[in-house]
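The lines below spell out each chain.
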Amino acid sequence: MAFKQVTSPHAHSAQKTSNVMQLVLLATVPGLVALTWQFGWGSIINVLLASITAVVCEAAIVHLRGRSVAFYVSDYSALVTAVLLGIALPPLAPWWVIVVGTVFSIVIAKQLYGGLGYNPFNPAMVGYVVVLISFPIQMTTWVTPLALLPEGVSHPGLIESLHIVFSGYTPADGVTGATPLDSFKHSSGLLVDQIYQRDPLFAQGIWAGAGWEWVNLGFLLGGLLLIAKRIFTWHGPVGMLGALALMSALFWDSGSSTSPGSPVMHLLSGATMLGAFFILTDPVSSAVSNRGRLIYGILIGLLVFIIRAWGNYPDAVAFAVLLANFAAPFIDNYTLPRTYGHTDRRRATEKEEG
Amino acid sequence: MSQTWVTPGGVHPPENKHQSLTQSIGVLPLPEKLVVPLNQHIGAPAIPCVEVGQKVLKGEVIAKAAGTVSIPMHAPSSGVVSAIEHRPIAHASGMLAPCIEITTDGEDRWIAHEGVDDYEHLAPRKLLEIIANAGISGMGGAGFPSAVKLNPGRQRPILTLIVNATECEPYITADDSAIRERAAEIVEGIKILSAILDHPDNIFIGIEDNKPEAIEALAPHVEGTGISVVSFPTKYPSGGEKQLIYILTGKEIPSGKLPADLGMVCINIGTTYAIKRAVVNGEPLISRVTTVTGDAVGVQRNYETLIGTPVSHLLAHSAFDEKACSRVIMGGPMMGFTLPSADVPIVKTTNCILAPSYAEIPDDEPAQPCIRCGMCAEACPVSLLPQQLFWYSQAQDHERLEAHNLFDCIECGACSYVCPSNIPLVQYYRASKSEIRKARAEKVKSDHARERFEFHKLRMEQAEREKEEKRTARREAALQASAAPSNPSSSVPSSSAADIIAAAQARAAAKQATPEQQQAQLERTIAAAEQRLIVAEQKLAEAIEKGSANQSVLSAAVENTRQKLEQAKAKLAELTA
Amino acid sequence: MIELIAQNPILAALIALVGLAIIFGALLGFAAEKFKVEGNPIVEQIDELLPQTQCGQCGFPGCRPYAESIANGDAINKCPPGGQATINAIASLLDVPAPELDEEHGQESPVRTVAYIREDECIGCTKCIQACPVDAILGAAKLMHTVIADECTGCDLCVEPCPVDCIDMLPVAETLTDWSWSIPKKPGQLIATDTRGELSHAHTQGGGA
């Protein structure tokens with residue numbers, strides 16, 4: 001009798017990379033539903049278009065690299081990148097914006113670096129930043145949230161939305177508008193209270209701007225689900241949200257005309273929750289240890305606030321995440337966990353004495 | 001109930017322990033052949049002290065301990081030694097190792113043996129001797145000779161004795177069933193240990209809370225003995241020595257140190273039973289409880305198995321279905337290793353034979369790329385960063401691996417267990433560890449070679465120099481000798497009369513020394529030549545007797561030797577005259 | 001003077017630049033002297049990396065002479081016993097690209113070998129003893145010789161001089177104590193022709209033997 005020789009352990013938990021990716025996809029559903037409810041069909045179209053592009057690109061590149069296509073595409077990682085990018089892009093953006101962003105994400109930011117697991121930067125955010133810089137007008141045109149639509153105007157229907165996306169047809173007036181972070185950026189000279197009163201975005205909202213608060217709450221819900229499922233630990237998101245809240249509280253300046261906005265607004269506006277639970281938790285490009293991920297999250301929180309408050313762009317999650325990606329290896333070097341039986345934490349490059 | 005601490009990391013694989021606990025510990029029919037490997041423990045292999053064909057009785061010593069860190073082997077049953085040769089053994093490599101094979105005679109007749117009841121009054125040294133002679137090594141893990149472990153030296157008094165009944169690996173129930181059925185004897189074994197260690201302050205039996213029956217079985221026996229049974233939440237790997245010590249005491253064994261350095265000793269509970277049998281009953285370690293489990297065997301239960309029983313014998317009596325079996329594992333599903341064949345024997349550390357079906361342990365999926373999800377770091381019980389170790393293993397970056405404390409990895413497999421990309425992490429660590437060890441050994445070897453080479457060079461240079469010096473000395477001497485008679489005054493034109501006298505005296509002294517030496521040398525030459533002559537003459541005589549072809553050569557040699565001898569004798573006469 | 005400079009901005013720039021160059025040059029020179037790193041001489045470091053077989057396959061009488069030659073700019077790929085691992089190590093030390101092993105000097109042997117003297121055939125000529133660079137051969141004139149296997153570096157310098165060809169280079173057998181698992185194939189490198197069925201053996205090990 002001859003038996004197979006296999007290394008231990010022989011038992012494996014049932015969770016595979018594809019399961020992890022599927023769970024992440026599932027967790028985006030509440031946020032995506034909120035987006036669709038508040039901003040119409042645009043986001044769904046974004047996500048679908050990005051997904052198709054991503055899978056096609058991934059398959060093509062994997063094929064070019066002479067690897068097994070079925071094996072790699074079935075890990076769902078390209079889909080996750082595409083869905084996150086589709087969510088991040090403005091609804092009803094022209095189709096070519098989405099395709100260019102996705103192709104850049106998958107081909108340049110991911111596959112050219114060696115594919116899943118080898119990319120130093122978050123692919124979705126690389127794609128996002130590329131189109132943000134290249135096509136600023138298309139990228140800063142957001143759909144008006146449901147509550148603020150003028151009387152008698154509604155979000156374009158599915159067919160009409162497709163039409164807008166693919167033929168460049170300009171949507172009816174009043175369907176596009178500023179985001180809460182935009183209006184804060186462009187309302188210097190006004191007290192925060194004044195902004196809240198004058199801008200219907202805030203007047204109609206409960207906490208942080210009509211529509212946006214629901215979207216953020218949706219992503220928060222999905223994120224909590226992922227933490228409960230132990231897909232990632234609390235360290236990154238808590239680090240980022242904590243730093244963002246702390247910074248905005250410190251610079252709140254009791255609502256003066258130079259105040260960058262309240263903690264609640266910062267936490268529930270823009271891409272905060274999407275970033276905290278879906279972008280910076282991308283394990284490939286983040287720091288490694290729990291302590292490292294906490295620091296990494298804090299760094300992103302700080303950068304998000306700094307760019308939002310004093311930078312040129314109204315929102316900053318993409319830039320903050322990319323900058324923190326640069327810093328991840330450096331953070332790793334200083335955040336080795338203390339191993340059992342050792343007295344000191346050390347730097348990764350140091351050898352223990354004796 | 002004493003306090004317990006919680007280790008970081010850990011995993012909760014399905015326990016699968018109930019299958020083998022439905023029946024009590026069974027006994028198998030005597031196998032036809034028993035194969036006892038000589039190296040079942042950490043340390044030097046035992047040295048056989050029997051011969052092929054020799055009759056042995058059950059419990060008779062068949063191999064002696066080779067030094068202190070070694071243990072003797074005993075015949076597990078009576079019979080005839082039928083082979084002492086290399087056989088496949090329980091090792092992941094599937095390599096052969098020296099074994100003693102005994103063909104059993106079916107009588108199972110014991111050698112005369114006697115135990116001591118009054119162990120309390122025996123000197124610890126004497127008790128340790130009994131344990132060493134009984135061939136007891138740790139029965140839970142690596143198999144370290146118990147007598148060595150229990151004798152840490154006087155400078156390290158043992159204050160805490162920890163008995164490891166954790167049995168955290170899934171499927172294995174050998175300790176659990178042994179405690180249920182033999183609690184009294186186990187506790188007596190612990191009392192013996194306590195006597196050896198001069199009654200430590202704390203004696204803990206550490207046990208996971210998934211064994212309530214075992215805890216209950218121990219309870220009446222430990223009452224009033226000072227032994228506390230400490231149960232703690234089930235988590236793999238709580239049974240690692242370092243992990244258990246932390247759970248029970250909150251102390252960490254510093255890297256590179258032993259528990260004894262902190263005044264602790266950790267002993268497997270199966271070993272305490274063996275110690276009781278050795279001391280009180282006088283029986284050496286020749287059998288142990290082994291779990292046979294997995295869905296590919298029809299009967300899943302524990303057996304009191306003789307050491308040396310081939311695995312095939314166990315499987316044959318457990319309704320083994322080879323076709324349904326995905327692999328045969330010695331040990332548990334987390335740290336056990338696959339057996340190359342069923343011919344390998346059960347050894348002193350074999351707590352389990354696991355024959356899982358494909359449904360239980362399917363073939364491994366191909367590994368996907370690491371996405372650095374960090375689940376492995378969450379699971380690691382010693383707070384390493386497994387994925388970093390994995391990257392550096394791939395890159396063979398030994399320096400970084402050591403900086404990331406690769407050598408603190410206990411190879412528990414928790415990281416591989418949770419890895420969603422199915423990467424065989426532990427194999428990377430094992431391979432890297434041995435690569436680093438090899439590199440270290442090679443470094444030592446090459447340093448040593450460099451030293452030897454440099455010494456060799458030095459020696460050659462020195463020899464050369466000496467030769468050169470001699471040559472110049474001789475040349476000068478010759479020069480002087482040729483110059484002196486022709487022009488004695490000019491060679492030392494400015495020398496005073498005293499100098500000339502001194503030089504003459506020195507020359508005379510040198511001449512006086514040489515004849516003596518020459519004489520001695522000549523005498524030696526003569527003696528040797530005489531010897532050679534005798535030998536040569538004998539050879540010649542033989543050759544003549546046999547009518548050999550080389551008579552002429554030999555006679556020439558004899559003549560030659562004789563001439564040389566005569567020359568030497570003549571010289572000697574000349575010298576002494 | 002100042003007027004002249006003011007009138008000729010080119011002159012001003014020239015003076016400023018030359019002044020700066022002098023100041024920084026002095027500063028750098030001072031720093032170089034003051035904070036000189038007392039490093040291990042490069043020859044020592046290279047010698048550390050060489051396998052110390054002293055075999056002379058590189059064309060130098062021993063490892064150290066070769067290390068000295070490398071320090072003076074010789075090619076780093078002349079050491080077959082060290083093989084690619086040594087070449088890579090020296091390349092990373094010297095910060096140069098690692099070339100392939102130069103086949104002219106011999107081939108890298110996959111297994112370590114040691115010399116073994118067939119003692120029945122040995123005539124006791126001591127030629128191998130003289131050839132051994134690390135004094136690993138024991139024996140005397142007209143008496144049988146033997147190799148101290150632990151000291152032998154496997155350089156095979158003793159094979160050539162033996163007049164009766166009684167020296168073999170035997171591979172060192174793997175034992176239970178030095179057997180080890182090998183590094184598995186890199187994950188995520190499955191090629192298109194791989195099928196799932198074959199993949200199931202992706203990290204099975206063929207055993208050491």
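In this text, all values refer to a predicted model and were calculated from it rather than measured experimentally.

(A) Spatial organisation of the overall build of chain A. Broken down by element type, chain A carries 18 helices and two strands. For 354 residues, the compact-globule formula gives about 20 Å, and the C-alpha radius of gyration of chain A, at 22 Å, lands near that figure. Each of the three principal axes of chain A carries a C-alpha extent, and together these read 80 × 50 × 35 Å. By residue count, 58% of the 354 residues in chain A fall in the buried class. Long-range contacts, defined here as pairs at least 24 residues apart, represent 73% of the contacts in chain A between residues at least 6 apart. Roughly 14400 Å² of accessible area belongs to chain A as shown, and the carbon and sulfur atoms make up 66% of that amount. Seen as two clouds, the 17 positive and the 17 negative side-chain charges of chain A have centres 16 Å apart.

(B) Region of interest: helix H4 (residues 212-222) of chain B. All names here are of chain B. For H4, every residue scored as buried is listed here: Ala 214, Ala 217, Leu 218 and Val 222. Seen from one end, H4 has its buried residues packed into an arc of 125°, which puts them on one side. Residues of H4 that are exposed and point more than 90 degrees away from the buried face comprise Glu 216 and Pro 220.

(C) Looking closely at the pairing of strand E11 (residues 227-232) of chain B. Residues and elements named next belong to chain B. Bridge analysis of strand E10 (residues 202-208) against E11 gives six bridges, and the strand direction is parallel. The residue bridging Glu 208 from the neighbouring strand is Phe 232, located in E11. As a crossover connection, the stretch from E10 through H4 into E11 is right-handed.

(D) Seen up close, the interface of chain B and chain A. Across the contact, 68 residues belong to chain B and 47 residues belong to chain A. Contact between chain B and chain A buries roughly 5000 Å² in total, counting both sides, with carbon and sulfur atoms accounting for 54%. The tally of links from chain B across to chain A stands at one salt bridge. Of the charged contacts, one joins Arg 338 of chain A and Glu 252 of chain B as a salt bridge, the two residues approaching to 2.9 Å between their closest N and O atoms. At the junction of chain B with chain A, the criterion picks out 26 residue pairs in polar contact (both at pLDDT 80 or more). Counting only elements with at least two residues in the side of chain B that touches chain A, the list comes to helix H5 (241-249), strand E16 (337-338), helix H8 (375-379), helix H9 (386-395), helix H10 (398-403), helix H11 (414-418) and helix H12 (425-486) of chain B. With four residues, the single largest contributor to the side of chain B that touches chain A is H10 of chain B. Here the side of chain B that touches chain A is built from residues that sort into 34 nonpolar, 20 polar and 14 charged.

(E) Broad picture of the confidence of the model for chain B. Residue and element names in this part refer to chain B. Chain-level pLDDT for chain B is 86 on average; 92% of the residues reach the 70-or-more range. Counted against residues more than four places away or in other chains, residues 488-494, with its pLDDT under 50, gives zero contacts. We note a pTM of 0.79 for the whole complex and an ipTM of 0.82 for its interfaces.

(F) Spotlight on the packing of aromatic side chains. With the rule as written, the count across this model stands at 18 aromatic pairs over all chains. Ring geometry for Trp 37 of chain A against Trp 214 of chain A: centres 5.9 Å apart, planes inclined by 55°, an arrangement best described as tilted. With Trp 37 of chain A in helix H2 (residues 29-39) and Trp 214 of chain A in helix H13 (residues 212-228), this pair connects stretches of sequence that are 177 residues apart. Judged by centre distance (5.5 Å) and plane angle (45°), the rings of Phe 390 of chain B and Trp 391 of chain B are tilted. One cation-aromatic arrangement involves Arg 440 of chain B over Phe 407 of chain B; the distance from NZ or CZ to the ring centre is 4.8 Å.

(G) Inspection of a nonpolar patch on the surface at higher detail. All names here are of chain A. Together, Trp 41, Trp 95, Trp 96, Val 100, Leu 158, Ile 159, Leu 162 and Phe 166 make up a nonpolar patch on the protein surface, roughly 730 Å² of accessible area in all. Within the residue set of the nonpolar patch, elements represented by two or more residues are helix H6 (95-110) and helix H9 (158-167). The element contributing the most residues to the nonpolar patch is H9, with four residues. Mapping Leu 162 onto the fold places it in helix H9. Overall, the relative accessible area of 33% leaves Leu 162 in the partly exposed class.

(H) Geometry of the nonpolar core. Ranked by size, the top nonpolar core spans 107 residues in total, and within it Met 125, Tyr 128, Phe 278, Tyr 296 and Ile 300 of chain A carry the most contacts. The biggest single contributor to this core is helix H18 (residues 317-334) of chain A, with nine residues. For this core, the domains that each give at least three residues are domain 1 (18-354) and domain 2 (375-437) of chain B. The residues contacting Met 125 of chain A, other than those within four sequence positions of it, are Ala 88, Ile 279, Ala 318, Val 321 and Leu 322 of chain A. Counting 42 residues, the second largest nonpolar core, distinct from the first, contains Ile 131, Ala 147, Leu 161 and Val 279 of chain B.

(I) Broad picture of the packing of H2 of chain A against helix H3 (residues 42-64) of chain A. Residues and elements named next belong to chain A. Where H2 contacts H3, the axes come no closer than 7 Å and their chain directions differ by 130°. When the axis of H2 is compared with that of H3, the two are oblique. Mapping the contact onto sequence places Leu 32, Leu 35 and Thr 36 in H2 and Ser 43, Ile 44 and Val 47 in H3. Here the contact of H2 with H3 is built from residues that sort into four nonpolar, two polar and no charged.

(J) Representation of the sheet that holds strand E6 (residues 73-74) of chain B within the structure. Residues and elements named next belong to chain B. Strand order in the open sheet made by the three strands is E3-E5-E6, with antiparallel pairing throughout. Two strands lie at the open edges of the sheet, namely strand E3 (47-48) and E6, each paired on one side alone. When E3 meets strand E5 (residues 61-64), the two strands line up antiparallel, connected through two bridges. Across the sheet, residue Pro 48 finds its bridge partner in E5, namely Ala 63.

(K) Representation of the environment of Glu 537 of chain B within the structure. Residues and elements named next belong to chain B. Its place among the elements puts Glu 537 in helix H14 (residues 497-546). Overall, the relative accessible area of 32% leaves Glu 537 in the partly exposed class. Distance in space between the C-alpha atoms of Glu 537 and Lys 470 is 39 Å, their sequence separation being 67 residues. Residues within four places of Glu 537 in sequence aside, it is in contact with Val 558 and Arg 562.

About the thresholds
Along each chain, numbering runs from 1 in the same order as the chain's sequence is written. Whichever chain is written first becomes A and whichever ligand is written first becomes 1, with later ones labelled in order. Under the rules for a predicted model, residues below a pLDDT of 70 receive no local features and side-chain atom pairs below 80 are neither given nor counted, while totals for whole chains, interfaces and linings still include all residues. The basis for the side-chain values is all heavy atoms of the structure; hydrogens and waters are excluded. The helix and strand labels rest on DSSP assignments: H or I over at least four residues marks a helix, E over at least two residues marks a strand, and numbering proceeds from the N terminus. Just to be clear, the radius of gyration here is over C-alpha atoms, and the globule rule we use is 2.2 Å times residues to the power 0.38. Here the term buried applies to any residue with accessible area under 20% of the maximum for its type, exposed to any over 50%, and partly exposed to those in between, with areas from a 1.4 Å probe on protein chains only. A contact between two residues is defined here by any heavy atoms of the two lying within 4.5 Å. Where accessible areas are quoted, they stem from the Shrake-Rupley method and a 1.4 Å probe; at the residue level, only the protein chains shown are allowed to cover. In this count, Lys and Arg are taken as positive residues and Asp and Glu as negative ones, while His and the chain termini are left out. Every charge is mapped onto a representative atom, which is NZ of Lys, CZ of Arg, CG of Asp or CD of Glu. Throughout, the arc means that of the directions going from the helix axis to the C-beta atoms. Only strands joined by at least two bridges in the DSSP assignment are considered to pair. Here the term right-handed applies to a crossover when the path leading from its first strand over the helix to its second strand runs clockwise, the strands being oriented away from the viewer. Here the buried area means the combined drop in accessible surface, using a 1.4 Å probe, for two parts upon being joined, counting both sides. Any carboxyl oxygen of Asp or Glu within 4 Å of a side-chain nitrogen of Lys or Arg constitutes a salt bridge here. In the analysis that follows, any N or O atom pair within 3.5 Å is treated as a polar contact, provided that within protein one partner can donate a hydrogen and the other can accept it, and provided that, for residues neighboring in sequence, both atoms belong to side chains. Each residue gets one of three labels, nonpolar for Ala, Val, Leu, Ile, Met, Phe, Trp, Tyr, Cys and Pro, charged for Asp, Glu, Lys and Arg, and polar for the others, Gly among them. Residue-level confidence of the predictor is what pLDDT reports, using numbers from 0 through 100. A pair of aromatic rings is counted whenever rings of Phe, Tyr or Trp (Trp by its six-membered ring) have centres within 6.5 Å, and the orientation is called stacked for planes under 30 degrees apart, edge-to-face for over 60 and tilted otherwise. Distance and angle both matter: a charge sits over a ring if NZ of Lys or CZ of Arg is within 6 Å of the ring centre and within 35 degrees of the ring normal. Within the patch definition used here, like charges are joined within 9 Å and nonpolar side chains (Val, Leu, Ile, Met, Phe, Trp, Tyr) within 5 Å, considering only residues with over 30% relative accessible area and no salt bridge. Among buried residues, the Ala, Val, Leu, Ile, Met, Phe, Trp, Tyr and Cys ones that are joined through side-chain atoms within 4.5 Å form a nonpolar core. In this document the domain limits rely on a domain assignment from an automatic tool or a database. Throughout, an axis means a line fitted to C-alpha atoms (over the contacting stretch in the case of helices), and angles, computed between N-to-C directions, take values from 0 to 180 degrees. Here is the rule for angles: anything less than 35 degrees is roughly parallel, anything more than 145 is roughly antiparallel, 65 through 115 is roughly perpendicular, and the remaining ranges are oblique.

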